[in-house]
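Structural overview
Take a look at the letters that make up each chain.
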Amino acid sequence: MSKVRLFDCVAQYSGMRREMQAAIRRVLNSGNLILGDEVRSFEEEFAEYLGAKGQCVGVASGTDALIVCMMALGISRGDEVITVANTAVPTVSAVRSVGATPVFCDVDERTCLMDLDMVKGLVTPRTRAVIPVHLFGNVVDVKGLRSVLGGRRISIIEDCAQAHGAEIGGRKAGTLGDASAFSFYPTKNLGAYGDGGMCWSPDRDLAREMRKIRMYGFDGRHYCEREGINSRLDEIQAAVLRVKLKRLDEWVERRRRLAAVYGGVLLPEIGRAEPGPRVRHAYHLYVIKTGIRDKLRERLDAAGIGTAIHYPFPIHLMKGYEFLGYAKGMLPKTERLAGLILSLPMYPELEDGRAEYVGGKINEMLGDAG
Ligand SMILES: *Cc1c(COP(=O)(O)O)cnc(C)c1O
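About the thresholds
Each chain has its residues counted from 1, running along the sequence as written. Residue-level local features of this predicted model are given only where pLDDT is at least 70; pairs of side-chain atoms are given and counted only at 80 or more, and the full residue set underlies all totals for whole chains, interfaces and linings. Computation of side-chain values covers all heavy atoms of the structure but excludes hydrogens and water. Note on pairing: two strands pair once DSSP finds at least 2 bridges between them. Under the DSSP-based scheme used, a helix requires at least four consecutive residues in state H or I and a strand at least two consecutive residues in state E, with every element numbered from the N terminus. All axes here are fitted lines through C-alpha atoms, helices being fitted over the stretch that makes contact, and every angle between N-to-C directions spans 0 to 180 degrees. Residue contacts follow a heavy-atom distance rule, with two residues in contact if any of their heavy atoms lie within 4.5 Å. Buried, partly exposed and exposed residues are distinguished by accessible area as a fraction of the type maximum, computed with a 1.4 Å probe on protein chains only: under 20%, between the cut-offs, and over 50%, respectively. We define a salt bridge as a contact between a side-chain nitrogen of Lys or Arg and a carboxyl oxygen of Asp or Glu at a distance within 4 Å. Put simply, a patch holds well-exposed residues, over 30% relative accessible area, that have no salt bridge, with like charges counted together within 9 Å and Val, Leu, Ile, Met, Phe, Trp or Tyr side chains within 5 Å. Where accessible areas are quoted, they stem from the Shrake-Rupley method and a 1.4 Å probe; at the residue level, only the protein chains shown are allowed to cover. Points on a 1 Å grid, built from protein atoms alone, make a cavity when a 1.4 Å probe fits but cannot get out and make a pocket when they are open with protein on both sides within 12 Å along at least 5 of 7 lines; residues with an atom within 4 Å of a point are the lining residues. Grid points are joined across faces, edges and corners, and a volume is the space filled by probe spheres set on the points. Under the grouping applied here, Gly and all other residues not named as nonpolar or charged are polar, the nonpolar ones being Ala, Val, Leu, Ile, Met, Phe, Trp, Tyr, Cys and Pro and the charged ones Asp, Glu, Lys and Arg.

**Notes on the sheet that holds strand β1 (residues 55-59)**
Two strands in a sheet stick together by hydrogen bonds in their backbones, pointing the same way (parallel) or opposite ways (antiparallel). Reading across from one edge, β1-β9-β8-β5-β4-β2-β3 is the order of the seven strands in this open sheet, with mixed pairing throughout. With one partner strand each, in any of the chains shown, β1 and β3 (101-105) form the two edges of the open sheet. Here the strands of the sheet are splayed against their neighbours by 25 degrees on average, with no regard to which way each runs. Pairing geometry for strand β5 (residues 155-159) and strand β8 (residues 179-183), over three bridges, is parallel. Note on β8: the bridge partner recorded for I157 is A179. Against the sheet, helix α8 (residues 204-213) contacts β1, β8 and β9 (197-201), and its axis sits at roughly 15 degrees relative to β1.

Encoded structure:
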C-alpha cells in the first residue's frame, strides 16, 4: 500500500480544478480584490449554511475572528476569559491579543472538551466571556454552559475552527452562543488556499461592530467611531470558499463515513475521543487514545502512515505562557490526554479501504505491543 497521508489538499483540488480556476479568474478579471461581491456573497452563503438567524463577517484568519469577536464585545485588559488548554494556541493568543487573561478549565476525558461542571468554580467578578472550543469537530453543550453561567452577563464565544458542519441537538455549531469564530486555514473542514476566517453573531449591532473593527474601525465614511484593526477576508479566498462551501455537507458526510470505518475496524479496547450527547460530530480529526502512543506513532510512520498529535503540549505548560502562573498538575485531565491522543489520517478524499488498512495496522501493532 502506498503512503497514507494525514491530510491531502491536492486530492481535493483535482476534483474541482476547472470550477476553482474559473472562480479565481473571475476575481482577477473584476479588478475588485478587497471587500467586494465575493466576500459579501460568501458571508451571506455561510450564514445561510449555518441555518440560524444571524450575520457573518469575513476576516483574515480564525485567530482574528476570535479577536474581532472579543473586541466587538468590549473585552480588554483586566477581563478574564475562561477557555481550555488543550486547544490550538491561537485560542489563547487571541485572548492575550485583546489584553485579557485566559483562565483554563480542565476537560472531560471522554470527549476531550471543556468540563462544564468545572466552569462555575472559575467564574470571578472579572469573567467577561467563555470560549468553548469545539475540538476535533465535536461540540460543547453550549446550552448547558449557558445554564451553568446562570443569569450572569458573561458572553459565550464559540471557537468553531474545527467544527464546520458539526451539530448539536439539530443546530449547527457556531449558532448557539453570542458570537462565534471560524477558521478557513487550508486543513480545516472548509479550507481556503491561504488564510481566512469568519465571525458570526445573532446580534445585528454586534455584527455591525465586527464589520467596523475588521476595517480600521471605519463606519463607511472613512471615519472611526471606534478603534479597529485590519483583518479582511480577501476576494480571491472568498471566491475559493464559495466553490468549496457547496461541497461542505458532502465532505462532512465523508468524514463521518470514515469515522464509522475506523470505529468498526479498531479493536474495542482502543480508546477514542467520544462525541458528546446529541452531537453530530464533524470529524475534523479522528482521535484515538493509547498508552503506547509514541511507539505506535513511530511504527505507523515507518509503515508510511501519517499521524499527528493535537496537541502534544497543553498550553498552560508551555514556556510562552509560563507567566500565567500555571504548573504541572493543575489541569490533570488535560495533561494526561496530551500523552495519549493520536490523530489518524482524515480527509474526504481518503478511500474507505485505506482507512480500513490504517485501522488494521493499528490493531496489529497494538497486538504486538501487548
Ligand atoms: C486553527 C484553529 C484556530 C486558528 O485559526 P487560524 O485561521 O489558523 O488563525 C483557532 N482555534 C482552533 C481550535 C483551531 O484549530
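**A few points about the pairing of strand β12 (residues 286-289)**
Going residue by residue along β12, you find Y286 and I288 tucked away on one face and V287 and K289 tucked away on the opposite face as well. Sheet analysis places strand β10 (residues 271-272) next to β12, joined by two bridges and oriented antiparallel. From the neighbouring strand, R272 faces β12, where its bridge partner is I288. The pairing of β12 with strand β13 (residues 341-344) spans four bridges and is antiparallel. Bridging from a neighbouring strand, I288 pairs with L342 of β13.

**Thoughts on the pattern of salt bridges**
Following the criterion strictly, the structure yields 27 salt bridges and no others. The partner of R214 in a salt bridge is E43, and the shortest N-O contact between them spans 2.8 Å. With R214 in the loop between α8 and α9 (235-265) and E43 in helix α3 (residues 37-50), this pair connects stretches of sequence that are 171 residues apart. A single burial state applies to R214 and to E43, both of which are buried. The shortest N-O distance in the salt bridge between K172 and E167 comes to 3.8 Å. Both residues of the pair, K172 and E167, count as buried. Overlapping salt bridges bring together E167, K172, E253, R256 and R280 as one network.

**What to know about a nonpolar patch on the surface**
A contiguous nonpolar surface patch, about 280 Å² in accessible area, is contributed by L28, L33 and I34. Tracing the backbone shows L33 in the loop between α2 (17-30) and α3. Take L33: its relative accessible area is 44%, and that puts it in the partly exposed class.

**Things to note about the layout of surface pockets**
The computed volume of the largest pocket comes to approximately 430 Å³. What lines the largest pocket is a set of 27 residues, among which Q162, Y185, T187, K188 and Y311 lie closest to the centre. For the lining of the largest pocket, the elements supplying multiple residues, two or more each, are α4 (62-72), α5 (89-97) and β8. When residues in the lining of the largest pocket are grouped by element, the largest group, three residues, is from α4. For the lining of the largest pocket, the per-class residue count stands at 14 nonpolar, ten polar and three charged. Estimates place the volume of the second largest pocket at around 210 Å³.

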